[in-house]
Amino acid sequence: KIMPTYHIEKAKSGRASCKVSKEKIAKGDLRIGKTSPGPGDYDMTSWVKVEFFKVTPKMLKQEGAETIEGWFDNYCPIVTEDGDEAEIREKAIATLTATKNAPKTPPKSPAKIDKLKRAAQRMGEDAEDELLNEGGSKKKLKLEDEKDEMFEDIMGGELAAFEMYSKMKIPALKDFCRWNDQIVGGTKDVLVARVIDMAVNGRMMRCGSCQGKWKQDPNDENALVCSGGFDETQGFRIDCFDKTNYKKVPRLAFIDEPPNDEELEAIKEANMGAGSAEDEALKSKVKVKAEANDLSDIDLSKPEGKKEAAVKLLAASRVLNVQLPEDDGEARIKIGTVLMSELGSGATDAQAILTKIVDTYGIQETKEQVIAAQEAAGNSCTNAENGKIMLFIKELKDLYFKEGNGQAGGSYSKAQKAIVDCPFAITLDNVKHLHKKGHENKLDGIGKGTGDKIKEFLEKGTCDKLEEKRAAALGA
């Protein structure tokens, strides 16, 4: 694994943001750049204000880096043309040392765990009597309405689960997360909350957009955010900014015993949607349409028989809403490509061929699914009106990643994040300012090219580049 490199400099402008604090780095402020290999044939640099940068124990284990001064002098060169290296060095080392020696702030526990801890402390053998016979006093349990919340937790099994899992050590809690194909990281309280949620509600299926795993939104106890996925085929990570309510995530059975390797792989596939109710319903529809368009009476060895089969398969594909060109001639060519491939491998069964067509080209979303996706996108944006634009940029990002263009995909990831965080509604009136330096509506991550595509999308509901990439993906 290639280690990142570091350097320190004064910010050349006020455009960049600190990776840790998310604040803008003012022009002239000291910042440390971390440069790492990007997903493509290029490097990526992220910036951190010196006061938020932490020199880790691992960094201090490098040769000549036993101290902050040693690490700074040997692994963090100063980049300046003002002849002020000594001043930068003195200020940086003092700040890095103060940051390293500062007392650690205890991590914030999930609100659910805090509530369960309070409930467990106050619940004794006569817990129910204590809750029901307060004599009008609200001081013992702070608030009267908190009783209802505690009873809801108890009745839902959360307090019993807390009593069980809070006594376990971190490795055991992480095992439960691994067995259920969930995120493993976090403090003990975070892990306890995650395991309790699985034990009571079932394990969470993965994000439908990128197949990433869900994690708790630190700012909203009822919300989940996607941690992003990793494209094993292309070898790069896909950033995802999907957000949802934890009650809306599909759930599967909680695994409370160690699975073997084969079972673990099946759990992962199930979490990714393989074998889901939707898949089974689609298989059933394919079977029905294949029976209605049987090919057994057609001579598939002759050209006219193959044409007749392609017509039947196209009719069935249209009913199944397979993602094919609107023009029947172009669609038949797509069908024919799969048909010839399957016939070449010895398949003549309509169901097998139709299943291959569905697997190759996919199913188009229904109108209801599109509306639901737009509503979810709006909820994930700071300004809900930007939901459609975010989905448009996200689709472009996904298409570029799928074709192996990590650089373009990364650029659209930044643009997607900018739209998610944008506080105002993006309209035809202000879209032209999104890339302009110094303008109040300037968004980091939006360049002129992306701004022009957003403008085209607002005017037409699509853009030429998106249609080009869709067609290329369909052709592939």
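Residues numbered from 1 in each chain as written. Predicted model: local features only at pLDDT ≥ 70, side-chain atom pairs only at ≥ 80, totals over all residues. Heavy atoms only, no water.

S.K.: Please give an account of the sheet that holds strand β1 (residues 5-10) that cites residues and values.
M.R.: With mixed pairing, four strands are arranged side by side in an open sheet as β3-β2-β1-β4. Both outer strands of the open sheet, β3 (43-49) and β4 (78-79), are each paired with one neighbouring strand and no more. Pairing geometry for β1 and β4, over two bridges, is parallel. Of the residues in β4, the one forming a bridge with Glu 9 is Val 79. (Pairing = 2+ DSSP bridges. Helix = DSSP H or I, 4+ residues; strand = E, 2+ residues; numbered from the N terminus.)

S.K.: Requested: an account of unusual backbone geometry, with residues and values cited.
M.R.: The backbone of Asp 181 sits at a positive phi, close to 60 degrees, despite the residue not being glycine. Structurally, the position occupied by Asp 181 is in the loop between α7 (170-179) and α8 (188-201). The backbone of Asn 321 shows a phi angle near 65 degrees, a positive value even though the residue is not glycine. Mapped onto the secondary structure, Asn 321 falls in the loop between α11 (303-320) and α12 (328-344). Taking relative accessible area as the criterion, Asn 321 reaches 27% and is therefore assigned partly exposed. (Buried < 20%, exposed > 50% of the residue type's maximum accessible area, 1.4 Å probe, protein only.)

S.K.: Which residues make up the confidence of the model for the protein chain, and what values do they have?
M.R.: Mean pLDDT over the protein chain stands at 80; residues scoring 70 or higher make up 79%. Here residues 150-155 is modelled with pLDDT under 50, and outside its nearest four sequence neighbours on either side it reaches 13 contacts, counting other chains as well. (pLDDT = per-residue confidence, 0-100. Contact = heavy atoms within 4.5 Å.)

S.K.: Which residues make up the environment of Leu 466, and what values go with them?
M.R.: In this fold, Leu 466 is placed in helix α18 (residues 464-475). Leu 466 gets classed as buried once you look at its relative accessible area, which sits at 2%. Between the C-alpha atom of Leu 466 and that of Lys 453, which follows or precedes it by 13 residues, the distance is 8.9 Å. Beyond its immediate sequence surroundings of up to four residues, Leu 466 is in contact with Phe 392, Glu 395, Leu 396 and Leu 399.

S.K.: I'd love a proper account of empty space enclosed by the protein, names of residues and values included.
M.R.: A full pass over the atoms with the stated rule returns one cavity of 30 Å³ or more. For the largest cavity, the calculated volume is near 30 Å³. Around the largest cavity, the lining residues are Asp 181, Gln 182, Met 204, Met 205, Arg 206, Lys 213, Trp 214 and Asn 271. (1 Å grid on protein atoms, 1.4 Å probe; cavity = no way out; pocket = protein on both sides within 12 Å on 5 of 7 lines; lining within 4 Å. Points joined across faces, edges and corners; volume = space filled by probe spheres on them.)

S.K.: I'd love a proper account of the packing of aromatic side chains, names of residues and values included.
M.R.: Per the counting criterion, the structure on display carries eight aromatic pairs. Ring geometry for Tyr 6 versus Phe 53: centroids 5.6 Å apart, planes at 80 degrees, classification edge-to-face. Placement of Tyr 6 in strand β1 and of Phe 53 in the loop between β3 and α1 (68-75) is noted, with a sequence separation of 47 residues between them. According to the relative accessible area criterion, Tyr 6 is buried, its value standing at 13%. Phe 53 sits in the buried class, given a relative accessible area of 7%. When the centroid spacing of 5.6 Å and the interplanar angle of 65 degrees are considered together, the rings of Tyr 6 and Trp 71 count as edge-to-face. Of the two residues, Tyr 6 sits in strand β1 while Trp 71 sits in helix α1, which places them 65 residues apart along the sequence. Among the aromatic residues, those joined into a ring-pair cluster are Tyr 165, Phe 176, Trp 179 and Phe 254. Positioned over the ring face of Trp 47 is Arg 31, at 3.6 Å from the centre of the ring. (Phe/Tyr/Trp six-rings, centres within 6.5 Å; stacked < 30°, edge-to-face > 60°. Lys NZ or Arg CZ within 6 Å of the ring centre and 35° of its normal.)

S.K.: Mind laying out the pattern of salt bridges, listing which residues take part and the relevant values?
M.R.: Summed over all chains, the structure comprises 24 salt bridges. Salt-bridge contacts for Lys 302 lead to Asp 299; the nearest nitrogen and oxygen are separated by 4.0 Å. Among the residues examined, Asp 299 registers a relative accessible area of 37% and is labelled partly exposed. Here Asp 464 makes a salt bridge to Lys 460, at a shortest N to O gap of 3.1 Å. Judged by relative accessible area, Asp 464 falls into the exposed class, the value being 53%. Lys 460 sits in the partly exposed class, given a relative accessible area of 46%. One network of salt bridges, with partners in common, ties together Glu 9, Lys 12 and Arg 31. (Salt bridge = Lys/Arg side-chain N within 4 Å of Asp/Glu carboxyl O.)

S.K.: Any chance you could break down the sheet that holds strand β6 (residues 214-217) for me, citing the residues and the numbers?
M.R.: With respect to topology, three strands assemble into an open sheet ordered β6-β7-β10, the strand pairing being antiparallel. Each edge of the open sheet is held by one strand with a lone partner, namely β6 and β10 (243-245). Put simply, the sheet's adjacent strands are angled 40 degrees from each other on average, direction ignored. Looking at chain direction, strand β7 (residues 220-226) and β10 are connected through three bridges and run antiparallel. Within the sheet, the bridge partner assigned to Val 225 lies in β10 and is Lys 243. (Axes fitted to C-alpha atoms, helices over the stretch in contact; angles between N-to-C directions.)

S.K.: Talk me through the nonpolar core; I want residue IDs and the actual numbers.
M.R.: In summary, soluble globular proteins display a tendency toward joint burial of nonpolar side chains. Ranked by size, the top nonpolar core spans 25 residues in total, and within it Phe 392, Ile 419, Ile 426, Leu 434, Leu 443, Ile 446 and Ile 454 carry the most contacts. Where this core is concerned, the elements lending two or more residues are α15 (387-402), α16 (406-421) and α17 (448-460). Ranked by residues supplied to this core, first place goes to α15 with seven residues. When near neighbours in sequence (up to four residues on either side) are disregarded, Leu 434 contacts Phe 424, Ile 426, Asn 441, Lys 442, Leu 443, Ile 446 and Ile 454. (Core = buried A, V, L, I, M, F, W, Y, C linked by side-chain atoms within 4.5 Å.)

S.K.: Which residues make up the side chain of His 433, and what values go with them?
M.R.: Looking at the secondary structure, you find His 433 in the loop between α16 and α17. Side chain to side chain, His 433 and His 439 meet in a polar contact 3.5 Å long. With residues near it in sequence (within four places) discarded, His 433 still touches His 439, Asn 441 and Lys 442. (Polar contact = N/O pair within 3.5 Å; in protein donor to acceptor, adjacent residues only side chain to side chain.)

S.K.: For helix α9 (residues 261-271), give the residues involved together with the corresponding values.
M.R.: Two residues of an α-helix separated by three or four positions point the same way, owing to the 3.6 residues in each turn. Of the residues flanking the start of α9, the one acting as N-cap is Asn 260, its side-chain oxygen 3.2 Å from the backbone nitrogen of Glu 262. Two residues or fewer past α9, Gly 273 is found with a positive phi of approximately 105 degrees.

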